[in-house]
Amino acid sequence: MNNRNSTTDKKYTNSRSRILEAVAKSKPAATPLPDLRFALSDNETQPELVSSFEQFVQGVGGRVFQLEGAGAIRDYLQKEAPTDGLVINRVEEIGPIDEVPESLSTLDTLQRAYIRGKIGVAENGAIWVDETAMGKRIIPFICQELVLVINAEDIVPTMHQAYNAIQVNGAGFGVFIAGPSKTADIEQSLVIGAHGPVALTVLILK
Amino acid sequence: MSKHATLAAQFNADEARTDWHDQTLWWVRQKRDKAAHSLPEWEQLRQWASEIKNHTLSHLDTYLQQFEENAIANGVNVHWAADAAEHNAIIHQIIKANGVQGIVKSKSMLTEECHLNEYLLKQGIEVVDTDLGERIVQFRKEPPSHIVLPAIHLKKQDVSDTFHDHLGTEKGNYDPQYLTHSARKHLREKFLAADLAITGVNFAIAETGGFVVCTNEGNADMGAHAAKIHIACMGFEKIIPRAEHLGVFTRLLARSATGQPITTYTSHFHKPGPGQELHIVIVDNGRSRQLGREDFRNSLKCIRCAACFNTCPVYRRSGGHSYHTAVAGPIGSILNPNLDMKANADLPFASTLCGSCSNVCPVKINIHEQLWKWRQVIAKEGLVEPSKKAGMKFMAWVLSKPALYRSMGALARWSMRKLPFLVNNQLNPWYKQREMPKAPRESFQSWYKKQQRS
């Protein structure tokens, strides 16, 4: 690599090959990888998975609405419309797709963002969102309220099934999101709304 | 007294705070238990995690090269650093080459280990730590005292005073919500103004050349997506072979750390964002030496969950700063003697060897056995304190002479009953913060002999 400080050049010529040589010399005798044949918990029905998922989303500080049909979505949007501020929609079922502004200072005023989640995880309430659904990588983090929209049939039991269902490098960036941002760094008192959204809403479409 | 014991005594001077620290970390340990017990397959997950890490260490050179190749194909700049100085110099070089002004950093114990902030400050470059706990200790010019809960040694009054001084918050307002939101506002400005974001790495995937960063606050993502340049720093042991292995580690990490079912954000970075630059610095800094130490190499399996901190009776009662290193607690006490055996010779002795750390470790590191083995290495190297050495020699002498041992036992029992001031005084550390039980009249041996006769 060319990024090397000239003053340290002599001591550190070719750290890469020296590190790799040292590792090759020091590594222990080969051991096999475990076989991760996980009993896919097909004993859980889809309604049970949805119910567990809902409980975990609430447990990590999010709100959940189960919506069946276009009418239910319209009713939700009417009732829960934000009173003011910038809203960006990236989900077809919600309405026309909005262009994402480039300016960070504009995005800093983002009140709400609607984003499509691909997979939900019943054991922890996490939702996989990839870059293609976000419009811009920072959107799900910079908004005050994040609304993730997910299909009921896309909820899987555990992280094992979730990683089977997604392609981690399908886009340049992807993230599992479980709840609004939070911290307990002051005396272990839980505070919702650290640096990311202060609220998370999950819409489960049936 | 050893360095750890001296610093622990300072921490213990505030008894109420020590009790709070002890109980709060025990509460975190209990949350971990609850989360672990909710999964019937928990032990299977630990076994898998341990085997994946063992396998990875045994093929580490191959996986590192595979990771590098895939990362480069993804458009990432890969750098290799033999030690802390080279790690810092690489980052400094990127800063200079790009005329970077604002720098934000999310939690990375590696950058603490390399003292990156101090190094850059000497070059006149300021780094803003964005994890709330780390920002608090940065304002106070203190190191983090815990790898997951950096400000666990502080009370909300301390945080309030610190924020009043640095952020102009209301004096005497101790409300954690108010204080957190003030920090949120302050750090939003820093995120939006930053040109460069530095993050750590929780897992690096050889198969795809990508890496995973876990946070609850969203600070790693706010930084990495807002800034033009993102540098991710990783110790070379962060590698895992395949993406499917993340299923095992993401199920273990947060449950072991805080009892959460998963961290709020589990972010997977593969390619630089549009118009952005992505760098990865792969660091050795003594790790290849540790890999070559048969008794200690599997300390490199650590995923930095800090479950061993929270359960440790010594850590809970002595505080992270008493370990005087970037990574405290039981795992730090087996990692740090590798970095500097002489400076950290006290740490393997800061343990009761109760084994609780090994029992909670999600990747099954035999922590307490390694602590005991480090003691032997340190003794062989002649790095044990003279007082401890003399005491051990005396004990060995007494224990090798049964008659002497019995008469000394009788003398000790008699003096504890009749002349307690002889033993319960300032010269005897066993009586510090401790009441001794009443001494029995006879020894177990003489009682046992009587029972045999009757």
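Brief notes about the overall build of chain B
Then, in step 1: Within chain B, the regular secondary structure consists of 22 helices and 10 strands.
Then, in step 2: Here chain B has a C-alpha radius of gyration of 25 Å; the compact-globule value for 454 residues is 22 Å, and the two agree.
Then, in step 3: When the 454 residues of chain B are sorted by exposure, 51% land in the buried category.

Concerning the overall build of chain A
Then, in step 1: Looking only at helices and strands, chain A has 7 helices and 11 strands in total.
Then, in step 2: Computed over its C-alpha atoms, the radius of gyration of chain A comes to 22 Å, more than 25% above the 17 Å expected for a compact globule of 206 residues.
Then, in step 3: In terms of its C-alpha atoms, chain A occupies a principal-axis envelope of roughly 65 × 50 × 40 Å.
Then, in step 4: Here chain A, with 206 residues, has 43% of them falling under the buried criterion.

Digging into helix H8 (residues 132-139) of chain B
Then, in step 1: Of all 8 residues making up H8(B), 7 are buried, and the element is well covered by its neighbours.
Then, in step 2: The complete set of buried residues in H8(B) reads Leu132(B), Gly133(B), Glu134(B), Arg135(B), Ile136(B), Val137(B) and Gln138(B).
Then, in step 3: Its buried side turned inward, H8(B) meets strand E9 (182-183) of chain A together with strand E3 (128-129), helix H9 (156-167) and helix H10 (176-193) of chain B.
Then, in step 4: Just downstream of H8(B) lies Lys141(B), where phi reads positive at about 55°.

A look at the interface of chain A and chain B
Then, in step 1: Each side of the interface is counted separately: chain A has 63 residues, and chain B has 77 residues.
Then, in step 2: For the side of chain A that touches chain B, the secondary-structure elements that each account for two or more residues are helix H1 (15-26), helix H4 (104-107), helix H6 (139-142), helix H7 (159-165), strand E8 (173-177) and E9 of chain A.
Then, in step 3: Looking at the side of chain A that touches chain B, the element that brings in the most residues is H1(A), giving 9 residues.
Then, in step 4: Here the residues of the side of chain A that touches chain B are counted per class, giving 31 nonpolar, 22 polar and 10 charged.
Then, in step 5: Sheet analysis places E8(A) next to strand E9 (residues 265-269) of chain B, joined by 5 bridges and oriented antiparallel.

Some details on the environment of Thr132(A)
Residue and element names in this part refer to chain A.
Then, in step 1: For Thr 132, the position within the fold is in helix H5 (residues 131-134).
Then, in step 2: Note on Thr 132: 14 C-beta atoms within 10 Å, which makes it partly exposed.
Then, in step 3: C-alpha separation for the pair Thr 132 and Gly 170, spaced 38 residues apart in sequence, amounts to 9.3 Å.

Considerations on the nonpolar core
Then, in step 1: One finds Leu148(A), Phe211(B), Met234(B), Ile282(B) and Cys308(B) to be the most contacted residues of the largest nonpolar core, which totals 172 residues.
Then, in step 2: Looking at this core element by element, the count peaks at 7 residues for helix H12 (residues 246-257) of chain B.
Then, in step 3: Apart from residues lying up to four places away in sequence, Leu148(A) is in contact with Ile115(A), Gly117(A), Ile127(A), Val129(A), Ile177(A), Leu200(A) and Val202(A).

Points about the sheet that holds E3(B)
As a general point, the strands of a sheet are linked pairwise by backbone hydrogen bonds and lie either parallel or antiparallel.
Residues and elements named next belong to chain B.
Then, in step 1: Read from one edge of the open sheet, 6 strands run E1-E10-E7-E4-E2-E3, paired in parallel fashion. In the strand order of this sheet, the two ends are held by strand E1 (77-81) and E3, each with one partner.
Then, in step 2: Of the strand pairs in this sheet, strand E4 (residues 196-199) and strand E7 (residues 229-235) are connected by 4 bridges, and their pairing is parallel. Along E7, the bridge assignment pairs Ala 197 with His 230.
Then, in step 3: The strands touched by helix H11 (residues 219-226) are strand E2 (103-105), E4 and E7; relative to E4, the strand with the most contacts, the crossing angle is about 145°.

What to know about unusual backbone geometry
Residues and elements named next belong to chain B.
Then, in step 1: The backbone phi angle of His 115 is positive, close to 55°, even though this residue is not glycine.
Then, in step 2: We classify His 115 as partly exposed; it has 17 C-beta atoms within 10 Å.
Then, in step 3: For Asn 285, which is not glycine, the phi dihedral falls at a positive 40°.
Then, in step 4: By the element assignment, Asn 285 lies in the loop between strand E10 (277-283) and helix H13 (287-292).

What to know about the environment of Pro348(B)
Residues and elements named next belong to chain B.
Then, in step 1: Structurally, Pro 348 can be placed in the loop between helix H16 (329-339) and helix H17 (356-360).
Then, in step 2: Residue Pro 348 is classed as buried on the basis of its C-beta count, with 25 C-beta atoms lying within 10 Å.
Then, in step 3: For the pair formed by Pro 348 and Asn 298, sequence separation is 50 residues and the distance between their alpha carbons is 16 Å.
Then, in step 4: Setting aside anything within four residues of it in sequence, one finds Pro 348 in contact with Ser 333, Pro 337, Leu 371, Trp 374, Arg 375 and Ile 378.

Topic: the packing of helix H3 (residues 42-58) of chain B against H12(B)
All names here are of chain B.
Then, in step 1: Relative to each other, H3 and H12 sit at 120°, their axes nearing to 10 Å. Our classification of the angle between H3 and H12 gives oblique. Viewed along their axes, H3 and H12 form a crossing whose handedness is left-handed. Residue-level inspection shows Leu 45, Arg 46, Trp 48, Ala 49 and Ile 52 of H3 in contact with H12, the latter providing Val 248, Phe 249, Arg 251 and Leu 252.
Then, in step 2: Considering only residue class, the contact of H3 with H12 consists of 7 nonpolar, no polar and 2 charged.

What counts as what
- Residues numbered from 1 in each chain as written.
- Chains lettered and ligands numbered in written order.
- Predicted model: local features only at pLDDT ≥ 70, side-chain atom pairs only at ≥ 80, totals over all residues.
- Helix = DSSP H or I, 4+ residues; strand = E, 2+ residues; numbered from the N terminus.
- Rg over C-alpha atoms; globule rule 2.2 N^0.38 Å.
- Buried ≥ 20, exposed ≤ 12 C-beta atoms within 10 Å, placed from the backbone.
- Contact = placed C-beta atoms within 7 Å.
- Nonpolar A, V, L, I, M, F, W, Y, C, P; charged D, E, K, R; others polar.
- Pairing = 2+ DSSP bridges.
- Core = buried A, V, L, I, M, F, W, Y, C linked by C-beta atoms within 7 Å.
- Axes fitted to C-alpha atoms, helices over the stretch in contact; angles between N-to-C directions.
- Parallel < 35°, antiparallel > 145°, perpendicular 65-115°, else oblique.
- Left-handed = near helix turned anticlockwise from the far one by under 90°.

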